[in-house]
Amino acid sequence: MAGHSSDTITAIATPIGEGGISVIRVSGPEAHAIVAKGFVGNVDLTKAESQTAHFGRFVSPDSTHLDDVVALVYQGPNSYTGENTVEVSCHGGLYVTRRIVDALIEYGCRHAEPGEFTKRAFLNGKMDLSQAEAVADLIHAKSERSRQASLQLLGGSLSARIGELRDGLIQTISMLELELDFAEDGYELADKKSVRDKVERAISQIDTLLGSYQKGRVYRDGVKIVLAGMPNVGKSSLLNALLMQDRAIVTEVAGTTRDTIEENIIIDGVLFRVVDTAGLRETIDKVEAEGVRRSKDQVMSGDVVLLVLDGSRDPGGEELDLARRLVRDLKRESAPTILVLNKIDLVQVQNGRLKTLGTMLDAPEVVKVSALTGEGLDSLRKSLVNAAVGPMVEQTESSVTVTSARHFDSLRRARGRLALTIETLNANQSSEFLAVDLRGALESLGEITGVVTTDDILNEIFSKFCIGK
Ligand SMILES: Nc1nc2c(ncn2[C@@H]2O[C@H](COP(=O)(O)OP(=O)(O)OP(=O)(O)O)[C@@H](O)[C@H]2O)c(=O)[nH]1
Ligand SMILES: [Mg+2]
């Protein structure tokens, strides 16, 4: 038996609802004994070998036959949590499943908290903290890129990189501390030039990791795209065209869209949350005015904004003003803006005119499309991916993507401490100060994998899990 926990926990591990089967997980020192109390079959579960499956009946404490089940027995530490575990598969009805869980509670389990199985896996050394977080990410993954990134994290690629960084720092620190012990003898064991080299190398490695976060965040959470512009330019038509579905109402009436509409699409494995908004204009209509107010909020919170213009006519002064203002405000928020000239099926749009418009509005990118015929949508999709994650580069084995705000934050703090170390070196101060800053960096890095951790960090992480994981 392995494991730190003294109590045995249970939860339904499959989604709540009706399905072919449901799985109930039981983990803890008494897992085998507790399930055995309700299990009637050919074997004594407390004596069953690890990783074996057993068919039997499951009965409640008052001897009611609740269901026929399969009990999958794991002997700790050879289980997900590292503890004794039984997974009970029963028929997938919510009522039956709950009855079995109730019985297990009466037999001596307690209800598991969200993420508690994975928390135990972490506490029992089955995985480090970043890997435990990857489990939640993988469960929540909605696109191919986020699946890949979570799987990479789960595989321990970030852990390995952090481990190397930490090992390097530990070496340097021990050299410095050794030197402090011999200080009165005037020995200089730690060659300051080599300390500097090492710290600088660590900083540059951390910078690479930090630099991957913009992409990583997008892989994990998706990108918010906001369609904005004057009424009737074809924003809703464009949403429908990108979705390939008749989602938003489209009419020739200016001011059709009132409420914002949000839909998910996946392009090139990246998740985009596309938001269609009410056309921006001054209006006395109360409902529409509220729509316009919401549009403005949406625009300012977009990761990428598609500023849509009607390409079949020259934009009026009001429209140009609005567009110019939008581009300027968005630049301040550093959200990329793509100028989309729609309805190009109606007129020939010369490239020269496109350029002029781009320059006039100070928008770096102009794409011409027709929401009606679908012309230009492919290049719009390319521009979207490009704006969101930059030019596509093949993921190589060695590239590690940071996807979590928590990891990013720890890396940034580690980098800060290392930068202080360089300052201390520049100021020619004593090794004592160097060691303190290096230790600080070491600690920040340790938070990522959980070598250094607090209850607050753990609670924060595992509370985001679903129950049963
Ligand atoms: N010819 C042509 N007509 C289009 C195109 N895109 C949209 N339209 C027409 O333009 C009109 C307005 O389209 P919508 O998609 O409702 O425009 P909107 O920007 O969402 O308008 P509001 O919701 O009022 O802000 C409709 O009659 C569409 O059929 C296009 O690419 N070509
Ligand atoms: Mg609309």
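This structure is a prediction, so every number in the text was calculated from the model and none was measured. (Residues numbered from 1 in each chain as written. Chains lettered and ligands numbered in written order. Predicted model: local features only at pLDDT ≥ 70, side-chain atom pairs only at ≥ 80, totals over all residues. Heavy atoms only, no water.)

Student: Can you break down the coordination of the magnesium ion (ligand 2) residue by residue, with the values?
Tutor: All of the protein donors around the magnesium ion (ligand 2) are Ser236 (OG) and Thr257 (OG1); their distances to the metal are 1.9 to 2.0 Å. Taken together, the residues span a long stretch of sequence, with Ser236 in helix H9 (residues 235-243) and Thr257 in the loop between H9 and strand E9 (261-267) at a distance of 21 residues. For Ser236, a relative accessible area of 8% corresponds to the buried category. Thr257 gets classed as buried once you look at its relative accessible area, which sits at 12%. (Donors = N, O, S within 2.8 Å, 3.2 Å for Na, K, Ca; no water. Helix = DSSP H or I, 4+ residues; strand = E, 2+ residues; numbered from the N terminus. Buried < 20%, exposed > 50% of the residue type's maximum accessible area, 1.4 Å probe, protein only.)

Student: How would you sum up the nonpolar core? Please name residues and give values.
Tutor: As a rule of thumb, soluble globular proteins bury nonpolar side chains together. Of all hydrophobic cores here, the largest spans 58 residues; its most connected members are Leu238, Phe272 and Leu380. Setting aside residues up to four positions removed in sequence, Leu380 forms contacts with Leu238, Leu242, Leu306, Val340, Val367 and Val369. Listed in part, the 30 residues of the second largest apolar core include Ile162, Ile173, Leu209 and Leu438. (Core = buried A, V, L, I, M, F, W, Y, C linked by side-chain atoms within 4.5 Å. Contact = heavy atoms within 4.5 Å.)

Student: Tell me about unusual backbone geometry, residues and numbers included.
Tutor: At the junction of Gly76 and Pro77, the peptide bond is cis and its omega measures out at 5° in the coordinates. With respect to the helices and strands, Pro77 occurs in the loop between strand E5 (65-74) and strand E6 (85-92). Here Asn232, not a glycine, exhibits a phi torsion of approximately 70°, which is positive. Tracing the chain through its elements places Asn232 in the loop between strand E8 (223-229) and H9.

Student: Please give an account of the sheet that holds E6 that cites residues and values.
Tutor: One open sheet holds the seven strands; their spatial order is E3-E4-E5-E6-E2-E1-E7, and the pairing between them is mixed. The strands lining the two open edges of the sheet, one partner per strand, are strand E3 (39-41) and strand E7 (110-111). Two elements, strand E1 (residues 9-12) and E7, share two bridges in a ladder whose sense is parallel. Directly across from Ile9, in E7, lies its bridge partner Arg110. The strands touched by helix H2 (residues 94-107) within the sheet are E1, strand E2 (19-27), strand E4 (52-59), E5, E6 and E7, with E5 carrying the most contacts at an inclination of about 65°. (Pairing = 2+ DSSP bridges. Axes fitted to C-alpha atoms, helices over the stretch in contact; angles between N-to-C directions.)

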